Amino acid sequence: MAAAAAAAAPGALGALQAGRARLVAACCARLGPGWRLPGSLTGPRVGPAMWARGWAPVAGGSAPRRGYSSEVKTEDELRVRYLEEENRGIVVLGINRAYAKNSFSKNLVKMLSKAVDALKSDKKVRTIIVRSEVPGIFCAGADLKERVKMNPSEVGPFVSKIRAVINEIGGTQRLPRAIGISLAKELIFSARVLDGQEAKAVGLISHVLEQNQEGDAAYRKALDLAREFLPQGPVAMRVAKLAINQGMEVDLVTGLAIEEACYAQTISTKDRLEGLLAFKEKRSPRYKGE
């Protein structure tokens, strides 16, 4: 299945994987006042990423919702949508805390954790798209208005819970690992706000797009990437993700050994044999994740 992971940079579309799943995190908003690099979600190691000028409508392509009142029901702060037909296997997680700029509250973190736990065990889910349903913002980090009301003893466990949720959906890396120590220090010490072009230039995202008339260019790109992921073998993708993530933390020789060990896990699988047979018969493989 695909694991979800929200890209920590607003305006970013990250293709990530966690556990048995793959995530495409889409943000159709400009990196701006709602997000600063020193925030709690700074510095994920993201795969292909994308930024689109402007904002995106709610998942599903309907007109954007501009409601910034505090009347949004807590159960509506995270919307889970299972796509059908040719997009079957793709799930969209829409963050919808407009009045708080999609910041992480206790309730939102709880909902994300519950959703991710459910999706991890759903073998029919192959790819997850995490997107903002709020014009002009992806995620402002932690909800500081809520945090200021917390007892000191609550803060540490809450921050740990946020980190745990992010780790469940893509595995974050510190900013220096993504862009280097010198530049990371510069950005963190200055609390500089980046736009899409600047974020791409330093390696935080991979794509910068012109917004479309519908306002959902980033989401459409996320769908395109998700559709590319769907035909690939779940077993191969799972061990490839493991080899990449583990290999990044060690020297080359050890990394190659990890790669070999990961490949060994695929040898006895039905998916590997199906891939070979499909190649021989010149047809598309029919993988089952076994």
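The protein carries the name AU RNA binding methylglutaconyl-CoA hydratase in an unreviewed UniProt entry, which gives Lynx canadensis as its organism. According to its UniProt record, the protein has this under Sequence similarities (unreviewed entry): "Belongs to the enoyl-CoA hydratase/isomerase family."

Moving on: helix α7 (residues 217-229). Here α7 is 13 residues long and its end C-alpha atoms lie 19 Å apart, about the 18 Å a rise of 1.5 Å per residue gives. Within the sequence span of α7, burial applies to A217, A218, Y219, A222, L223, L225, A226 and F229.

For the rest of this paragraph, the subject is the nonpolar core. Membership of the largest hydrophobic core comes to 24 residues, with the highest contact counts inside it found for L78, L93, F104, I128 and I162. For this core, the element with the highest residue contribution is helix α1 (residues 106-120), accounting for seven residues. Residues within four places of L78 in sequence aside, it is in contact with L93, G94, I95, L108, M111, L112 and A115. Counting residues in hydrophobic clusters, the runner-up holds nine residues, among them L83, I90, V92 and L230.

Summarising burial for strand β5 (residues 90-95): six of the six residues are buried, a large majority. What you see with β5 is no split at all: I90, V92 and G94 on one side and V91, L93 and I95 on the other are buried throughout. As judged from the five bridges shared by strand β4 (residues 78-82) and β5, these two strands associate in the antiparallel manner. Counted as the bridge partner of L78 is I95 from β5. What joins β5 to strand β6 (residues 127-132) is α1, and the crossover it makes is right-handed.

Rules behind the numbers
Residues numbered from 1 in each chain as written. Predicted model: local features only at pLDDT ≥ 70, side-chain atom pairs only at ≥ 80, totals over all residues. Heavy atoms only, no water. UniProt positions renumbered as here; feature names shortened; annotations may be inferred. Helix = DSSP H or I, 4+ residues; strand = E, 2+ residues; numbered from the N terminus. Expected span 1.5 Å × (residues − 1). Buried < 20%, exposed > 50% of the residue type's maximum accessible area, 1.4 Å probe, protein only. Core = buried A, V, L, I, M, F, W, Y, C linked by side-chain atoms within 4.5 Å. Contact = heavy atoms within 4.5 Å. Pairing = 2+ DSSP bridges. Right-handed = clockwise from strand over helix to strand, strands pointing away.

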